Amino acid sequence: MIIAPLIFATLVVGIAGHGDIKSLGKIGLKTIVYFEIITTLALVLGLFSANVFKPGVNFNVDTANISMDAVNKLSHSNIHPSLSHLLVDMVPTSLFEAMSEGNLLQIVVFAIFFAIAICTVGQKAKPVLSFLQSVCDIMFKFTEYVMFFAPIGVFGAIASTVGRNGIGILSSYAKLIIITYLSLALFVCIVLFIVCKIVKIPFGHLIYVLKEPALLAFTTASSEAALPKAMEVMEEFGVPKNIVSFVMPTGYTFNLDGSTMYLALTFLFCAQIAGVSVGIVEQITIMITLMLTSKGIAGVPRVALVILTGTLASFNLPVVGVAILLGIDQILDMGRTTVNLIGNCVATAVVAKWENCFDYNKMREFIRSHKTKKYLENNI
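Reading the values: rules and limits
- Residues numbered from 1 in each chain as written.
- Predicted model: local features only at pLDDT ≥ 70, side-chain atom pairs only at ≥ 80, totals over all residues.
- Heavy atoms only, no water.
- Helix = DSSP H or I, 4+ residues; strand = E, 2+ residues; numbered from the N terminus.
- Contact = heavy atoms within 4.5 Å.
- Axes fitted to C-alpha atoms, helices over the stretch in contact; angles between N-to-C directions.
- Parallel < 35°, antiparallel > 145°, perpendicular 65-115°, else oblique.
- Nonpolar A, V, L, I, M, F, W, Y, C, P; charged D, E, K, R; others polar.
- Core = buried A, V, L, I, M, F, W, Y, C linked by side-chain atoms within 4.5 Å.
- Buried < 20%, exposed > 50% of the residue type's maximum accessible area, 1.4 Å probe, protein only.
- Phe/Tyr/Trp six-rings, centres within 6.5 Å; stacked < 30°, edge-to-face > 60°.
- Lys NZ or Arg CZ within 6 Å of the ring centre and 35° of its normal.

(A) Up close: the side chain of Asn-344. Relative to the elements of secondary structure, Asn-344 occurs in helix α19 (residues 329-354). When residues no more than four places from it in sequence are discounted, the contact partners of Asn-344 are Phe-35, Met-248, Gly-251, Tyr-252 and Asn-255.

Structural data, given as structure tokens:
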């Protein structure tokens, strides 16, 4: 409900309000380069975990009793089979259609062109820019009101997941759940930690200030639900508004770190379930395939499983493993969604650092205010 107008307004204001169209191309190029590097590392870590821990070997679930109906439905969902399809589908037929379908990539593309046009028109477009700035302020306040209801939704989501699947399902899938969450933790604590060290961002403090949007992303398994709060936090943390409003929405299409790592891990899990050996050369091919097919479909429900089903079919591998994953997809989705959010927040700081516009004084002041708030909460 809130994502489409919020993204459109913040992106247009961030770009047009900045006024420098030439810098947009540099920011865009640096953003895409960073996304591809991190995505590759996520894929490598996913394949590494699957090869080392072998989650599909000796898996004790009877595949004969598993219904394939849900998997067959997933296989009919549309994914981008090639780079050319992705490029064509980036352009919306209608802005309102893109907003109604929640297609973030199309909204981003329209907003970029709209912002450039505002900059070109100049003073005549100033009323439109002022209107969209008001829309930004209204949508952030709107989000604040929606957040009051978040605890009720979180309670319902968790209760529903456990009630539908039962506590017993966790023991059957324990090995896969542990390996998945361990791999996600390694990605955050090694890859993102090193990235933060390089750009001189205190990793521990960043994670602390992101705890509220990260917790919302984890419990709802929806990184988009946490997007407005995460954008607000990163602006307060020292990242300029134009960087945040461009990098974060783009990241929800091109930089799904947790989902990408999960895809590599579960692809080999499905192969191991079927008793199929996948060589190094094939794994590299799979990695390149996933790097392309994982772009541009963030609005599709069960997006990771849709991509996984299509990729398995393209390599002529059995899709029975996807049916197994369906039973605990909500639980696994919570972890990968949280990593998606944290990864995109780190990306905004990296791009801001590359552009030499990260405000370290603002960051230190924000951290200091959070420490003071925490002290008061613990001692009053």
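Now that the structure has been shown, we can carry on.
(B) Fine view of the packing of helix α12 (residues 211-220) against helix α13 (residues 223-237). Contact geometry of α12 with α13 gives a least axis separation of 8 Å together with a crossing angle of 170°. Between α12 and α13, the angle falls in the class roughly antiparallel. The residues of α13 that touch α12, namely those facing Glu-212, Pro-213, Leu-216, Ala-217 and Thr-220, are Ser-223, Ala-225, Ala-226, Lys-229 and Ala-230. Broken down by class, the residue content of the contact of α12 with α13 amounts to 6 nonpolar, 2 polar and 2 charged.

(C) Summary view of the nonpolar core. Grouped together as the largest cluster of nonpolar side chains are 83 residues, with contacts concentrated most on Ile-201, Met-234 and Phe-237. If you tally residues by element for this core, the top one is helix α1 (residues 3-18), at 11 residues. Those residues in contact with Phe-237 that sit more than four places away from it in its chain are Ile-201, Leu-206, Val-209, Phe-358, Asp-359, Lys-362, Met-363, Phe-366 and Ile-367. Counting residues in hydrophobic clusters, the runner-up holds 35 residues, among them Leu-43, Phe-59, Tyr-262 and Ala-271.

(D) Broad picture of the packing of aromatic side chains. Here the structure, examined in full by the defined rule, presents 10 aromatic pairs. Aromatic pair Phe-8 and Phe-114: ring centres 5.5 Å apart, planes at 55°, arrangement tilted. Note that Phe-8 is positioned in helix α1 and Phe-114 in helix α6 (residues 104-121), a separation of 106 residues in sequence. Classification of Phe-8 by relative accessible area gives buried; the value is 10%. Phe-114 sits in the partly exposed class, given a relative accessible area of 29%. An angle of 65° between the planes, with centres 4.8 Å apart, marks the rings of Phe-358 and Tyr-360 as edge-to-face. An aromatic cluster is defined as three or more aromatic residues linked by ring pairs; in this entry it consists of Phe-237, Phe-358, Tyr-360 and Phe-366. Across the ring face of Tyr-262, the terminal group of Arg-336 is positioned such that the distance to the ring centre comes to 4.2 Å.

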